[in-house]
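Residue strings, one per chain:
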Amino acid sequence: MTAPTRPQHEIRAQHTDTTITVYQAYAPSIGLPAVRDGRFPDAWKRDRMTWIKPSFLWMMYRCGWATKEGQETVLAVEIAREGFDWALVNSELSHYVRGVHPDRGTWQQRLRRSPARVQWDPERDLRLNRLAYRSLQLGLSGEAARRYADEWAVSIRDVTPLARRIHELVSAGRLDEAAELLPRETPYPVGT
C-alpha cells in the first residue's frame, strides 16, 4: 500500500480551534526570558523580520536540533489563529512567480509594502533529509512582527529538551520512538 501523496504546498501544524503553534530558536538570552515571562523580552527586536515555522522538523533542520550558535533555545509559540490568518492574508510570496504576479515590478512593490512573507521550503524527515513536499516559513516584519510579539502570542514553551531527546533517539537509530514524540501536525484549515 502506498502512502497518500501530500500537496506540494500545504501548511501542516499543531493547532486548535483558536490557536496554531509555530517554532523559533533563539539564544538563551532571548528564549529563556520569553518562556519565563510568557512574552518576548524588550531585547527581542520588534522592528526586524522574524521567521515563524509551523513545522517542528523544519525548525530542527534550521537550528540543528538546538545546537547552532544563537539557536540553542527552541520555542513553541502558540499564537492566535486570528493573527496567523491575518498575516497570511497580508503576505506576499518571498520570490517572484510568473503567472502569480503580473510582473516582477508589481511583485517587488507588493513585497516592500507587505508586513508578511510566505516562503516554501522542503519539509524534512527525522534525519533532516529533504522530502518531496514543502513547509511554510512565514516572515513577519513591521506591524506583523509587533503584533506577533505583543498581541498574538498566547503561550511560549521551551521545547529544547524535547528536541534534544528526539535527536538522541534519531542518533541511536530508534526512529519509531523518535516519531512518537513529534508534535502532531495536521493540515491547517486556511481561512476557516
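As shown above, the structure is provided for reference.
The paragraphs below set out a description of the structure included in this document. (Residues numbered from 1 in each chain as written. Predicted model: local features only at pLDDT ≥ 70, side-chain atom pairs only at ≥ 80, totals over all residues. Heavy atoms only, no water.)

## Thoughts on the sheet that holds strand β2 (residues 19-26)
Thinking step 1. Spatially, the 3 strands line up as an open sheet ordered β2-β4-β8, and their pairing is antiparallel. Edge positions in the open sheet fall to β2 and β8 (153-158), since each of these has one partner strand only. This sheet shows a mean twist of 25° between the axes of neighbouring strands, independent of strand direction.
Thinking step 2. Sheet contacts for helix α2 (residues 56-63): β2 and β4 (73-80); angle to β2, the most-contacted strand, approximately 10°. (Pairing = 2+ DSSP bridges. Helix = DSSP H or I, 4+ residues; strand = E, 2+ residues; numbered from the N terminus. Axes fitted to C-alpha atoms, helices over the stretch in contact; angles between N-to-C directions. Contact = heavy atoms within 4.5 Å.)

## Focus: helix α1 (residues 28-37)
Thinking step 1. If you check which residues of α1 are buried, you get Ile30, Gly31, Pro33 and Ala34.
Thinking step 2. Those residues of α1 that are buried lie in contact with β2, β4 and β8.
Thinking step 3. Of the residues flanking the end of α1, it is Gly38, one or two places downstream, whose phi is positive at about 70°. (Buried < 20%, exposed > 50% of the residue type's maximum accessible area, 1.4 Å probe, protein only.)

## Considerations on the packing of helix α3 (residues 81-89) against helix α5 (residues 142-152)
Thinking step 1. Packing of α3 against α5 leaves a shortest axis separation of 10 Å and a crossing angle of 175°. If you check the angle between α3 and α5, you find them roughly antiparallel. Mapping the contact onto sequence places Gly83, Trp86 and Ala87 in α3 and Glu143, Ala144, Arg147 and Trp152 in α5.
Thinking step 2. For the contact of α3 with α5, the residue count by class is 4 nonpolar, 1 polar and 2 charged. (Parallel < 35°, antiparallel > 145°, perpendicular 65-115°, else oblique. Nonpolar A, V, L, I, M, F, W, Y, C, P; charged D, E, K, R; others polar.)

## Some words on the pattern of salt bridges
Thinking step 1. Enumeration according to the criterion identifies 9 salt bridges in this entry.
Thinking step 2. Across the salt bridge formed by Arg12 and Glu10, the nearest N and O atoms sit 3.2 Å from each other.
Thinking step 3. Overall, the relative accessible area of 6% leaves Arg12 in the buried class.
Thinking step 4. Note on Glu10: relative accessible area 18%, which makes it buried.
Thinking step 5. In this structure, Asp150 and Arg39 form a salt bridge, with 3.4 Å as the shortest nitrogen-oxygen distance. Of this pair, Asp150 sits in helix α5 while Arg39 sits in the loop between α1 and β3 (50-52), and the two are 111 residues apart along the sequence.
Thinking step 6. Residue Arg39 is classed as partly exposed on the basis of its relative accessible area, which comes to 38%. (Salt bridge = Lys/Arg side-chain N within 4 Å of Asp/Glu carboxyl O.)

## Observations concerning the nonpolar core
Proteins that are soluble and globular tend to have nonpolar side chains buried together.
Thinking step 1. In terms of nonpolar packing, the biggest core is built from 31 residues, with Phe40, Val77, Phe84, Leu138, Leu140 and Tyr148 touching the most fellow members.
Thinking step 2. Ranked by residues supplied to this core, first place goes to α5 with 5 residues.
Thinking step 3. Contacts of Tyr148, omitting those with residues within four sequence positions, involve Val22, Gln24, Phe40, Trp44, Thr50, Ile52, Val77, Ile79, Leu140 and Ala153. (Core = buried A, V, L, I, M, F, W, Y, C linked by side-chain atoms within 4.5 Å.)

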